[in-house]
Structure formats: C-alpha cells, structure tokens
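In case you want the letters, here they are:
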Amino acid sequence: MNEDEQTRSAGQQFAWSKHTYSRWNEIERLLVGILVQEYGAEGTLQARAWLERMLERQASPEGDPGNLSFELAIKVLGEVAELGEWQVTETLELEEKAAIIWGEQVKYDNTQRQRHDRHLSMAANIGRLRPTNQQKAIETLLTALVNSERDDLSAIFGSMHSHYVTHYLLEALEGYPHSDQQRKIINTFKHLGE
C-alpha cells in the first residue's frame, strides 16, 4: 500500500480493470491475502472494500457478466475466512452477504448445467466460511431441497466439504416431520462423504 494517494488509486484502478480476466484471478486472490496478512487493519479495510465492490457488482447497472466478480469474491472469502486478521464484525457481515447471495442463486438456478457446475465449484469456499455464515446458505438450500424435486441440491451440500453441513442436517431431521422431507435429507447424506 503506497502512501502516495495518486499511485495507490492508479494501482487500485488497474487491479479492478483486470479482476474479470481469469489469468488475473490468482494475482487478485494473492493481493487480498497480502493486504489482510501484511497491512493490518488498514489492509483488511482495503480488502473488505474490494470484496464488497465485487459482491455489489451484480446490482450495478453494468451487472456481473458471467458472475465473474461474484465467483472471485467467493474464492477469496473462502481463502481468508480462517485468517486471524479477518475475524472482525465487518468481515462477518461480508461473508454473510456472500453466503446469502450464493444460496439464493443456487436455489433459483436449476436451468443450466454450466451454472450448476459453477455453483458446485463455489460450494467448497462457502464451506470454509464461519459456521454462522455457512448456516445462512444451508438453510436456504435445505428449504429448497425439502420443498421441491431438486435432487441436484444434495451434491451441492456434499461439495461444501464441511462437517457443519452434517451437523445442521442432523438437527434439521427433527424439524421436518413428513417422511418425504426426511427421506430427501437422509438421501443427502450419501453425498457428504462422511
């Protein structure tokens, strides 16, 4: 982080202009990690602003073509979620926002195989978020699973690779008294690999 405001602004603009290019993903993921780990509270603030901008991209007039900004934000959040420097209230809120958006996208997106595969690949990063934020996504998906014929959601749960999924599904069995709903939850365990 350069002390010269003009240089810092130019660097931020350059990095932002490249964030949707796949060959820049690694660099931008490293950038956020370096900001969080090497530059303390100021770096975490910058990283959080960067990720927030990516998450808000979908609601912007230009949108988020191909969901590229959102996917990059999910990858980065999954990578920094366990860092001690990241454990502040504001970052918890950012993770929560991402988990809710992802859960809603998966819930309503049962039309294209390619989008389903992309959500499947993001699931492992959602599974690395703090348990309270994983729960936001799990609740949304569980409701969709038990109230629909979406068997593909079971694979999403399995792709999260989180022990918290197992814990939450076991608790949910008691909350769904109908045998059909319970059967759907029980069938999901086949995908958890535990």
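Residues numbered from 1 in each chain as written. Predicted model: local features only at pLDDT ≥ 70, side-chain atom pairs only at ≥ 80, totals over all residues. Heavy atoms only, no water.

Caption draft 1: View of helix H10 (residues 179-188). Listing the buried residues of H10 in full gives Gln181, Lys184, Ile185 and Thr188. The buried residues of H10 all sit within an arc of 95° when viewed along its axis, so they share a single face. In this structure, the buried side of H10 is in contact with helix H7 (131-146), helix H8 (153-159) and helix H9 (163-175). (Buried < 20%, exposed > 50% of the residue type's maximum accessible area, 1.4 Å probe, protein only. Helix = DSSP H or I, 4+ residues; strand = E, 2+ residues; numbered from the N terminus. Arc of directions from axis to C-beta. Contact = heavy atoms within 4.5 Å.)

Caption draft 2: Highlighting unusual backbone geometry. Non-glycine residue His161 carries a positive phi angle of around 50°. By the element assignment, His161 lies in the loop between H8 and H9. In this structure His161 comes out as exposed when scored by relative accessible area, which is 65%.

Caption draft 3: Main features of the nonpolar core. Membership of the largest hydrophobic core comes to 49 residues, with the highest contact counts inside it found for Val32, Leu51, Trp86, Trp102, Leu142, Phe157 and Ile185. Broken down by secondary-structure element, the contributors of at least two residues to this core are helix H2 (25-38), helix H3 (40-56), helix H4 (68-80), helix H5 (89-108), helix H6 (113-126), H7, H8 and H9. In contact with Trp86, other than residues within four places in its own chain, are Val36, Thr44, Ala47, Arg48, Leu51, Leu77, Val80, Ala81, Thr91, Leu94, Glu95 and Arg130. (Core = buried A, V, L, I, M, F, W, Y, C linked by side-chain atoms within 4.5 Å.)

Caption draft 4: Main features of H7. For H7, with 16 residues, the first-to-last C-alpha span of 21 Å sits near the 22 Å given by 1.5 Å per residue. Where H7 is concerned, the buried positions are Asn133, Gln134, Ala137, Ile138, Thr140, Leu141, Leu142, Ala144, Leu145 and Val146. (Expected span 1.5 Å × (residues − 1).)

Caption draft 5: Here's a closer look at the environment of Leu45. Mapped onto the elements, Leu45 comes out in helix H3. For Leu45, a relative accessible area of 43% corresponds to the partly exposed category. Counting along the chain gives 45 residues from Leu45 to Glu90, while the straight-line C-alpha distance between them is 9.0 Å.

Caption draft 6: Representation of the side chain of Gln105 in the model. Within the secondary structure layout, Gln105 lies in helix H5. A polar side-chain atom of Gln105 sits 3.1 Å from a polar atom in the side chain of His119. (Polar contact = N/O pair within 3.5 Å; in protein donor to acceptor, adjacent residues only side chain to side chain.)

Caption draft 7: Representation of a nonpolar patch on the surface. Taken together, the side chains of Leu30, Ile34 and Tyr39 define a hydrophobic patch exposed on the protein surface, amounting to about 300 Å² of accessible area. The residue Leu30 is located in helix H2 in this model. A relative accessible area of 55% places Leu30 in the exposed class. (Patch = residues over 30% accessible without salt bridge, like charges linked within 9 Å, V, L, I, M, F, W, Y side chains within 5 Å. Areas by Shrake-Rupley, 256 points an atom, 1.4 Å probe, with all protein chains shown as cover. Salt bridge = Lys/Arg side-chain N within 4 Å of Asp/Glu carboxyl O.)

Caption draft 8: Seen up close, the packing of H3 against H4. At a minimum axis separation of 8 Å, H3 and H4 run at an interaxial angle of 140°. Between H3 and H4 lies a crossing whose hand is left-handed. Residues Leu51, Met54 and Leu55 of H3 pack against Ser69, Phe70, Leu72, Ala73, Val76 and Leu77 of H4. When grouped by side-chain class, the residues that make up the contact of H3 with H4 number eight nonpolar, one polar and no charged. (Axes fitted to C-alpha atoms, helices over the stretch in contact; angles between N-to-C directions. Left-handed = near helix turned anticlockwise from the far one by under 90°. Nonpolar A, V, L, I, M, F, W, Y, C, P; charged D, E, K, R; others polar.)

Caption draft 9: The pattern of salt bridges, seen in detail. Under the defined criterion, the tally for this structure stands at seven salt bridges. Linking Glu79 and Arg29 is a salt bridge whose minimum nitrogen-to-oxygen distance equals 2.3 Å. On the criterion of sequence distance, the pair formed by Glu79 in helix H4 and Arg29 in helix H2 is long-range, its members being 50 residues apart. In this structure, Glu95 engages Arg130 in a salt bridge whose closest nitrogen and oxygen atoms are separated by 3.0 Å. With Glu95 in helix H5 and Arg130 in the loop between H6 and H7, this pair connects stretches of sequence that are 35 residues apart. One network of salt bridges, with partners in common, ties together Asp180, Arg183 and Lys184.

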